[in-house]
Amino acid sequence: MPPSLRQRASRGNVSPNETRSTNGGNSSPRANGGSPRTRIGGSGGSGGKLLVDAPSKWKSLVTRASSAFAMIAGFATMLAAGHVPTILLIFIIQGLMVRELFALAVEVRKEKDVPWFRLQQWYFYGTAVFFTYGRFLKHKWVESSIVKDPERLGAFGLFMFAHHSFISYIGWMVGLVLFVLSLRSRGLYLYQFGQFAWTHMIIVTILMQSSCFVANVLEGMIWFVFPVSIVFFNDAAAYMCGFFFGRTPLIKISPKKTWEGFIGGLIVTLIVAPFAAAWMQKYEWLICPVDDKSPLRLFGGASGCDVDPLFVAKEVTVGSIVGGFESALGWMVPHGWVATVARALFGLETVRVSWFQVHAVVFASFASIIAPFGGFFASGFKRAFKIKDFSDTIPGHGGITDRMDCQMVMALFSHLYITNFIRQPGLMTVGQLLLKIEFLTNENLLRLYKAVGKMIVTRGLKLP
């Protein structure tokens, strides 16, 4: 933990004037230009009052709703613009989160003695971005491009992407060398190494999860839009249920959260999820993945793909739908029990549904039960360091990190769920194969050419 964080956490209650300098009591700006953060005392002040009893709850509702509509409008605009603008939006949000968390450990007095460390932080961040997003571009945009036009990237472009991981490592090593050369004053060693560790912890945590957003976008916009939307909807549903009915506190580190809001949000989200999924799966630009048939474009979504049977509604038995859930739960649920209950309560033997709607219920369950703990974790983190919000960027919501805490948890889950239960990667695409061929010697390249020629003749194919 950086020394500035350790000192901040050990002081107990923090005065609202803590950020004032000792030079005449004037408020000094933050060294990195970050937004000011509202500080709270150890007890949380008025923040411990339930929302249903808060005197200013209607004003808070209007502020939050106005900000929410503005965010939804911006989000929808970027989605309509296509894959690249959406990825750009993810990149901007990710950068703002990193900026807020970098600012949390700033100690202005010591920063004056280490003038280049902020630049080093962003250099490490840039190197990590190149490594992380380069992998996705290599496996999607680059591979689809060289399938259509092998000479499009040129020798330099092929070299960069073929040796992408090695170049990324060299970039990080350059940063490490610069960091070591900046170690000049013994009195700052602990602070500098603390900042070094803090920087890498933030980069790994944020990039690992936010990069899953990009991976989901490239699998098809629907795999990004639906998880993000269902978390947002659950948060709004839980807020409204707590706003009108919340009386029983849910968790101590987040006093305004109530059981009524938590359970109400769960029920409403589970009801809405399959209908929202049925509506989204109708649009080709949402369901088409980025691949050889529908390549990544600067503007506009993917189109012209073969519709995945996953998104086609058909008559299926209730038993076949719940069988997977029962297998996952193992001994906790007797085999056939869920199907028996469905038949007894609703008289259902079969239902017309797509498998995406079934997966949507899984996403909704995770978004309602597990993802909120990302928010609780962030609440505990903020209380440990006596801050109310990470910044005041979004009126009524706090900072970007405050708004994205549950989304980050959902991003990683949805990506792992897709790769484990839906796509199940294993087969190599033509683009991936061509990048591998780049490593072959000229002799082996000719041997491969002859072998492929024989394979074409054996299968009775005609050359185009």
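In this text the structure is predicted, and so the values were computed from the model without any measurement.

Colleague: Hey, could you go over helix α7 (residues 164–181) for me, with residue numbers and the actual values?
Modeller: For α7, with 18 residues, the first-to-last C-alpha span of 26 Å sits near the 26 Å given by 1.5 Å per residue. Listed in full, the buried residues belonging to α7 are H164, S168, G171, G175 and F179. In an axial view of α7, the angular spread of the buried residues amounts to 85°, which keeps them on one side of the axis. Turned more than 90 degrees from where α7 packs its buried face, F166 and L181 sit exposed.

Colleague: Give a detailed account of helix α15 (residues 372–384), specifying residues and quantitative values.
Modeller: Given 3.6 residues per helical turn, the α-helix brings residues three or four places apart onto the same face. Between its terminal C-alpha atoms α15 stretches 19 Å, which fits the 18 Å expected from 13 residues at 1.5 Å a residue. Burial in α15 covers these residues: P372, G374, G375, F376, A378, S379 and K382. Summarising the contacts, the buried residues of α15 are in contact with α9 (221–245), β1 (249–251), β2 (254–258), α10 (259–280), α14 (355–369) and α16 (400–422).

Colleague: With reference to specific residues and values, describe the confidence of the model for the chain.
Modeller: Per-residue confidence for the chain gives a mean pLDDT of 79; residues scoring 70 or more make up 73%. Mean pLDDT across the elements of the chain ranges from a minimum in helix α1 (residues 3–9), with 52, to a maximum in α10, with 95. Counting contacts from residues 9–36, a segment whose pLDDT is below 50, to residues more than four positions away or on other chains yields 38 contacts. Taken together, the stretch residues 41–47 has pLDDT below 50 and engages in eight contacts with residues farther than four places along the chain or on a different chain.

Colleague: Can you tell me about the pattern of salt bridges, naming the residues and giving the values?
Modeller: Inspection of every chain in the model, using the stated rule, returns four salt bridges. Residues D235 and R64 are paired through a salt bridge, measuring 3.8 Å at the closest nitrogen-oxygen approach. With a gap of 171 residues between them, D235 in helix α9 and R64 in helix α2 (residues 57–81) connect regions that are remote in the sequence. Taking the relative accessible area as the measure of exposure, D235 reaches 25% and is therefore partly exposed. Judged by relative accessible area, R64 falls into the buried class, the value being 19%. Across the pair D235 and R403 runs a salt bridge, and its minimum N-O distance is 2.7 Å. Here D235, found in helix α9, pairs with R403, found in helix α16; they are 168 residues apart in sequence, far enough to count as distant. For R403, a relative accessible area of 16% gives the class buried.

Colleague: Go over the nonpolar core with me, naming the residues and quoting the values.
Modeller: Among the nonpolar cores identified, the biggest contains 71 residues, and F213, I222, W223, F224, F226, I230 and F356 are the most heavily contacted of them. Counting residues per element, this core draws most heavily on helix α8 (residues 189–219), which supplies twelve residues.

Colleague: I'd like a description of the side chain of S168, backed by residues and values.
Modeller: When you line up the elements, S168 lands in helix α7. Within the local environment of S168, its side chain forms a polar contact with the backbone oxygen of H164, the two atoms lying 2.9 Å apart. Once residues lying within four places of it in the same chain are set aside, the contact partners of S168 are T127, F130 and F131.

Colleague: Outline the side chain of E100, supporting the account with residue identities and numerical values.
Modeller: Tracing the chain through its elements places E100 in helix α3 (residues 83–104). Beyond its immediate chain neighbours, meaning those up to four positions away, E100 contacts F390, S391, T393, G399, I400 and T401.

Colleague: Give a detailed account of a nonpolar patch on the surface, specifying residues and quantitative values.
Modeller: Nonpolar side chains collect at one region of the surface, where Y123, F166, Y169, I170, V174, V177, L178 and L181 lie side by side and expose about 760 Å² of accessible area between them. Ranked by residues supplied to the nonpolar patch, first place goes to α7 with seven residues. Look at V174 and you get partly exposed, because its relative accessible area is 38%.

Colleague: Account for the packing of α15 against α16, with residues named and values stated.
Modeller: Taken N-terminus to C-terminus, the directions of α15 and α16 make an angle of 135°; their axes are 7 Å apart at the nearest point. The orientation of α15 relative to α16 falls into the category oblique. You can see that α15 and α16 cross each other, and the crossing is right-handed. Listed contacts from α16 to P372, G374, G375, A378 and K382 of α15 are D402, D405, C406 and V409. Looking at the contact of α15 with α16, its residues break down into four nonpolar, two polar and three charged.

Criteria and thresholds
- Residues numbered from 1 in each chain as written.
- Predicted model: local features only at pLDDT ≥ 70, side-chain atom pairs only at ≥ 80, totals over all residues.
- Heavy atoms only, no water.
- Helix = DSSP H or I, 4+ residues; strand = E, 2+ residues; numbered from the N terminus.
- Expected span 1.5 Å × (residues − 1).
- Buried < 20%, exposed > 50% of the residue type's maximum accessible area, 1.4 Å probe, protein only.
- Arc of directions from axis to C-beta.
- Contact = heavy atoms within 4.5 Å.
- pLDDT = per-residue confidence, 0-100.
- Salt bridge = Lys/Arg side-chain N within 4 Å of Asp/Glu carboxyl O.
- Core = buried A, V, L, I, M, F, W, Y, C linked by side-chain atoms within 4.5 Å.
- Polar contact = N/O pair within 3.5 Å; in protein donor to acceptor, adjacent residues only side chain to side chain.
- Patch = residues over 30% accessible without salt bridge, like charges linked within 9 Å, V, L, I, M, F, W, Y side chains within 5 Å.
- Areas by Shrake-Rupley, 256 points an atom, 1.4 Å probe, with all protein chains shown as cover.
- Axes fitted to C-alpha atoms, helices over the stretch in contact; angles between N-to-C directions.
- Parallel < 35°, antiparallel > 145°, perpendicular 65-115°, else oblique.
- Left-handed = near helix turned anticlockwise from the far one by under 90°.
- Nonpolar A, V, L, I, M, F, W, Y, C, P; charged D, E, K, R; others polar.

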